[in-house]
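Structure assessment
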Amino acid sequence: DAGVTQSPTHLIKTRGQHVTLRCSPISGHKSVSWYQQVLGQGPQFIFQYYEKEERGRGNFPDRFSARQFPNYSSELNVNALLLGDSALYLCASSLVGGSAEAFFGQGTRLTVV
Amino acid sequence: GIQVEQSPPDLILQEGANSTLRCNFSDSVNNLQWFHQNPWGQLINLFYIPSGTKQNGRLSATTVATERYSLLYISSSQTTDSGVYFCAVELGFGNEKLTFGTGTRLTIIP
């Protein structure tokens, strides 16, 4: 069975640009969460979606947005990129919204120059 | 918010040695997971262990929920065990995000 898949794996963008990251959860999983991991730190929660509804939002500016599609895949969008947005973006999927084991994709490494 | 602290922050061991990594958390939790992050950034699931003890090969974990800590044991370390180990907790009851600890960087020397 395929695990959580993310695309692209690497991305270089210029300050001020917009980026879209994509995530496909494990088959049968209905919840997708997004995390940002900057160098030397643990992942920080950005969003959680369950059954296409937003279930949680972390302490990130409105430049960050996400959505979940009817097939449970998800997109994370970041507008007006800043140098500080350079990070590894991780997607996690789980069967349900909470109290369930989360499985992570390989991540998208975003570099903003 | 909940605080999650891991110790030690760094650990360097000879191949074949045993190690114990600790995770302390400041509130009652509904879920606790241990992950190994490899050099390419992938978070590998080790244990889903909100309470009790589990074993998987050379690795085992114990969570004492009432005392708000979890331990990860690695026996007979191999160089492939190198990387960063994270514990992550979920409060539950409407707060379902994972809060990650500070991580332990483990280096196994041949």
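The interface is formed by 21 residues belonging to chain A together with 18 residues belonging to chain B. Surface buried jointly by chain A and chain B totals about 1600 Å² across both partners, of which 47% is contributed by carbon and sulfur atoms. Summed over the three residues of chain A that lose the most area to chain B, namely Ser99(A), Glu101(A) and Phe104(A), the buried surface amounts to 31% of that side. Counting the contacts that link chain A with chain B gives 1 salt bridge. For Arg55(A), the salt bridge goes to Glu96(B), with nearest N and O atoms at 2.9 Å. Put simply, the parts of the chain that give the side of chain A that touches chain B at least two residues each are strand E4 (31–37), strand E5 (44–50), strand E9 (87–94) and strand E10 (103–104) of chain A. Residues of the side of chain A that touches chain B, tallied by class, amount to 9 nonpolar, 9 polar and 3 charged.

On to the sheet that holds strand E1 (residues 5–7) of chain A, then. All names here are of chain A. Overall, antiparallel pairing links the 4 strands, which are arranged E1-E3-E8-E7 in an open sheet. The open sheet terminates on both sides in strands that have one partner only, identified here as E1 and strand E7 (64–68). Here the strands of the sheet are splayed against their neighbours by 15 degrees on average, with no regard to which way each runs. Here 5 bridges tie E7 to strand E8 (residues 74–78), and the two strands are oriented antiparallel to one another. Of the residues in E8, the one forming a bridge with Gln-68 is Ser-74.

Below, the discussion takes up the pairing of strand E7 (residues 59–64) of chain B. In summary, the side chains of a regular strand alternate between the two faces of the sheet. Residues and elements named next belong to chain B. Along E7, 5 of the 6 residues are buried, which leaves the element largely enclosed by surrounding structure. Bridging between strand E6 (residues 52–56) and E7 involves 5 bridges; their strand directions are antiparallel. Looking at E7, one finds that Thr-53 is bridged to Thr-62. Connecting E6 to the next strand, E7, in antiparallel fashion are 2 residues, including Gly-57 with a positive phi near 65 degrees. Pairing of E7 with strand E8 (residues 69–74), which is carried by 6 bridges, proceeds in the antiparallel orientation. Bridge pairing links Thr-63 to Ser-70 in E8. With antiparallel pairing between neighbouring strands as the criterion, E7 and E8 make up a hairpin whose turn holds 4 residues, including Arg-68 at a positive phi of roughly 60 degrees.

Burial along E7(A) is one-sided: Phe64(A), Ala66(A) and Gln68(A) are buried, and none of Ser65(A) and Arg67(A), which face the opposite way, are. Here E7(A) folds back onto E8(A), and the loop between the two strands holds 5 residues, one of which, Tyr72(A), carries a positive phi near 75 degrees.

What counts, and where the lines are drawn
Residues numbered from 1 in each chain as written. Chains lettered and ligands numbered in written order. Predicted model: local features only at pLDDT ≥ 70, side-chain atom pairs only at ≥ 80, totals over all residues. Heavy atoms only, no water. Contact = heavy atoms within 4.5 Å. Buried area = accessible area lost by both parts, 1.4 Å probe. Salt bridge = Lys/Arg side-chain N within 4 Å of Asp/Glu carboxyl O. Helix = DSSP H or I, 4+ residues; strand = E, 2+ residues; numbered from the N terminus. Nonpolar A, V, L, I, M, F, W, Y, C, P; charged D, E, K, R; others polar. Pairing = 2+ DSSP bridges. Axes fitted to C-alpha atoms, helices over the stretch in contact; angles between N-to-C directions. Buried < 20%, exposed > 50% of the residue type's maximum accessible area, 1.4 Å probe, protein only.

Purely spatial values, then, with no claim about function.
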